[in-house]
Amino acid sequence: MSIVAAKPLEAGVPAERILAQLAERFAAVRDGRDRWGLTVTVARERLRDCLQWLRDEPSLHCDTLLDVAGVDYLAFPGHRGPRFAVVYLLKSTRFRHRLAVKVEVDEDDCALPSVHDLWKIADWAERETWDQYGIVFRGHPNLKRLLNHHEFSGHPLRKDYPCQKRQKLSVNDPMVDQLEARLRQRGYEVVERGEVSAGDPLTFREKSP
Amino acid sequence: MTFKPVPAAVPEVSLGDAFVTTRADAVVNWARRNSLWPFPFGTACCAIEFMGTVSSMFDLSRFGAELVRFSPRQADLLLIAGTVTYKQAPILRRIYDQMLEPKWVIAAGACATSGGFYDCYCTVPGIDEIIPVDIYIAGCPPRPEAFIEAVYQLQQKIGTESVAARKAVGA
Ligand code: SF4
């Protein structure tokens, strides 16, 4: 076995330069509340273009979407403006920089354009944000709950969700639809299918060639 | 060895050591309480403590509950060790339903008895919301001695049960 040395990382891009470019192109402003890293706020209309540009611009190369996180400012001290925000955490594996892009979301129009086609991981990250905060991602192909049960009602990370409301659930949530699709794609077929919602397993077999 | 037919109308005292007179409850409960087959429903840290309890250092088998089964159909003691979420609750309920009567439940640790420190939307605040519980063990996690004490207490409880009463409720 030979050991291949990793390619040395290229030098980072100064924050001022990123900020200046984002301000010029997308009217993005720095969020002063972020005292440790670099967070910029953009308008919802410019969000997709901004994220796509950050990904494709060779001098920035933000090729990884680390997370999509919701924020509920309902009880945040001194907060003015829309109730929700969504933060996209980006990282460049080439330049090593990290960048957070924040977009404010109104309670009455709780929706954002989906970016599942820019980063594959956005598919699940947006589903989680929808599940926990009730923020809709328009254009998402399969916007259903990711963490909570399908019988669950409400969005539990909203600050006004009553956390002691006990929601009893009647069936097991099998969550096998995506697994099944993936296994089929890889050449497996279902041999036996019990009552899935009751917790019976699916049995797969490799298709004979 | 040959068995001689017992002549009718012989007083019990004259039968020697061949007979023991007792109550049905006593003999059935004696058998039941000393051969508990636990099914560990281990979901979190408390389950590690259960592993200690059944392994050689603490050795739960000294008290007649060593045969850990991983099929609910072969077990009569459901031992919940760990945090149970509402999403898991239907699974727990189904496992309980799959166990045959007679069956008993021990809720081990703060999480299983009360939800522990999880004051949140997803944790069941005590599994007795989902299934009946016979014995609760305090602790986060409880020490193996506490597990053994719980099994001992359960054995005491089984000793007071009545076969007829169980039969009457269809169990
Ligand atoms: S009671 Fe404590 S040790 Fe047991 S599962 Fe809960 S957090 Fe873990």
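Scoring rules and cut-offs
Residues numbered from 1 in each chain as written. Chains lettered and ligands numbered in written order. Predicted model: local features only at pLDDT ≥ 70, side-chain atom pairs only at ≥ 80, totals over all residues. Heavy atoms only, no water. Near = heavy atom within 4 Å. Nonpolar A, V, L, I, M, F, W, Y, C, P; charged D, E, K, R; others polar. Pairing = 2+ DSSP bridges. Helix = DSSP H or I, 4+ residues; strand = E, 2+ residues; numbered from the N terminus. Contact = heavy atoms within 4.5 Å. Axes fitted to C-alpha atoms, helices over the stretch in contact; angles between N-to-C directions. Parallel < 35°, antiparallel > 145°, perpendicular 65-115°, else oblique. Left-handed = near helix turned anticlockwise from the far one by under 90°. Buried area = accessible area lost by both parts, 1.4 Å probe. Salt bridge = Lys/Arg side-chain N within 4 Å of Asp/Glu carboxyl O. Polar contact = N/O pair within 3.5 Å; in protein donor to acceptor, adjacent residues only side chain to side chain. 1 Å grid on protein atoms, 1.4 Å probe; cavity = no way out; pocket = protein on both sides within 12 Å on 5 of 7 lines; lining within 4 Å. Points joined across faces, edges and corners; volume = space filled by probe spheres on them. Expected span 1.5 Å × (residues − 1). Buried < 20%, exposed > 50% of the residue type's maximum accessible area, 1.4 Å probe, protein only. Arc of directions from axis to C-beta. Phe/Tyr/Trp six-rings, centres within 6.5 Å; stacked < 30°, edge-to-face > 60°. Lys NZ or Arg CZ within 6 Å of the ring centre and 35° of its normal.

Draft legend 1. The arrangement of the site of the ligand in detail. The local shell around the ligand consists of B:Ala44, B:Cys45, B:Cys46, B:Gly82, B:Thr83, B:Ala110, B:Cys111, B:Phe117, B:Gly139, B:Cys140 and B:Pro141. Grouping the constituent residues of the shell around the ligand by class yields eight nonpolar, three polar and no charged.

Draft legend 2. Broad picture of the sheet that holds strand E5 (residues 98-105) of chain A. Residue and element names in this part refer to chain A. As summarised here, the arrangement of the five strands in space is E1-E2-E5-E4-E3, forming an open sheet in which the pairing is mixed. The outermost strands of the open sheet, each flanked by one partner alone, are strand E1 (29-30) and strand E3 (64-72). Judged from the two bridges that link them, E1 and strand E2 (residues 39-42) form a sheet pairing that is antiparallel. Across the sheet, the residue bridging to Arg30 is Val40, located in E2. Across the face of the sheet, helix H1 (residues 15-26) comes into contact with E1, E2 and E5 while running at roughly 0 degrees to E2.

Draft legend 3. Spotlight on the packing of H1(A) against helix H2 (residues 47-56) of chain A. Residue and element names in this part refer to chain A. Close contact between H1 and H2 brings their axes to 11 Å; oriented N to C, the two are set at 140 degrees. Overall, the two elements H1 and H2 adopt an arrangement that is oblique. You can see that H1 and H2 cross each other, and the crossing is right-handed. Across the interface between the two elements, Gln21, Leu22, Arg25 and Phe26 from H1 touch Asp49, Cys50, Trp53 and Leu54 from H2. For the contact of H1 with H2, the class distribution of residues is five nonpolar, one polar and two charged.

Draft legend 4. Up close: the interface of chain A and chain B. Contacts between the two partners involve 22 residues from chain A and, on the opposite side, ten residues from chain B. Between chain A and chain B, a total of about 1300 Å² is buried, with carbon and sulfur atoms accounting for 54% of that surface. For the chain A face of the interface with chain B, the top three residues by lost area are A:Cys163, A:Arg166 and A:Lys168, together amounting to 33%. For A:Arg166, the salt bridge is made with B:Glu129, and the minimal N-O distance between the two is 2.4 Å. Taken together, chain A and chain B are joined by five residue pairs in polar contact (both at pLDDT 80 or more).

Draft legend 5. Region of interest: the packing of helix H2 (residues 46-54) of chain B against helix H5 (residues 144-159) of chain B. Residue and element names in this part refer to chain B. Contact geometry for H2 and H5: axes closest at 8 Å, N-to-C directions at 75 degrees. Between H2 and H5, the interaxial angle falls into the category roughly perpendicular. Seen from H2, the contacting residues are Cys46, Glu49, Phe50 and Thr53; seen from H5, they are Pro144, Phe147 and Ile148.

Draft legend 6. Looking closely at the layout of surface pockets. All names here are of chain A. By volume, the largest pocket is sized at about 580 Å³. What lines the largest pocket is a set of 19 residues, among which Trp124, Arg127, Leu146, Asp177 and Gln178 lie closest to the centre. Elements supplying a minimum of two residues to the lining of the largest pocket: helix H3 (122-133) and helix H4 (177-185). Tallying contributions element by element places H4 first for the lining of the largest pocket, with six residues.

Draft legend 7. Expanded view of H5(B). Residue and element names in this part refer to chain B. Spanning 16 residues, H5 covers 23 Å between terminal C-alpha atoms, matching the ideal 22 Å at 1.5 Å per step. The complete set of buried residues in H5 reads Pro144, Phe147, Ile148, Ala150, Val151, Leu154, Gln155 and Ile158. The arc that holds the buried residues of H5, viewed along the axis, is 155 degrees, so those residues lie on one side.

Draft legend 8. Structural detail: the sheet that holds strand E4 (residues 135-137) of chain B. Residue and element names in this part refer to chain B. The parallel open sheet is built from four strands, whose spatial order is E1-E2-E3-E4. The sheet is open, and its two borders are formed by strand E1 (38-42) and E4, each paired with just one other strand. The sheet shows a mean angle of 15 degrees between the axes of neighbouring strands, direction not considered. Packing of helix H3 (residues 89-98) onto the sheet brings it into contact with E1, strand E2 (77-81) and strand E3 (104-108), and relative to E2 it is tilted by some 160 degrees.

Draft legend 9. Inspection of the packing of aromatic side chains at higher detail. Evaluated as defined, the whole model comprises seven aromatic pairs over all chains. Plain terms: the ring middles of A:Tyr73 and A:Phe76 are 5.2 Å apart, the flat faces sit at 90 degrees to each other, and that makes the pair edge-to-face. Through a chain of ring-to-ring contacts, the aromatic side chains of A:Phe152, A:Tyr161 and B:Tyr121 assemble into a single cluster. Across from the ring centre of B:Tyr96, 4.1 Å away, lies the NZ or CZ of B:Lys103, which sits over that ring.

Draft legend 10. A look at the side chain of A:Asp131. Residue and element names in this part refer to chain A. Inspection of the secondary structure puts Asp131 in helix H3. Taking the relative accessible area as the measure of exposure, Asp131 reaches 0% and is therefore buried. Here Arg145 takes part through its side chain, which lies 2.6 Å from a polar atom of the side chain of Asp131. Excluding residues that lie within four positions of it along the chain, Asp131 makes contacts with Arg145, Leu146, Leu147, Asn148, Gly154, His155 and Pro156.

Draft legend 11. Summary view of the pattern of salt bridges. Scanning all chains against the criterion turns up 15 salt bridges over all chains. For A:Lys102, the salt bridge identified is with A:Asp31, shortest N-O distance 2.6 Å. Remark: A:Asp31 occurs in the loop between E1 and E2 and A:Lys102 occurs in strand E5; sequence separation between them is 71 residues. Among the residues examined, A:Lys102 registers a relative accessible area of 7% and is labelled buried. Here B:Glu145 makes a salt bridge to B:Arg143, at a shortest N to O gap of 3.1 Å. Take B:Glu145: its relative accessible area is 39%, and that puts it in the partly exposed class. Among the ionic contacts, a cluster of salt bridges with common partners joins A:Asp72, A:Arg83, A:Glu107 and A:Asp160.

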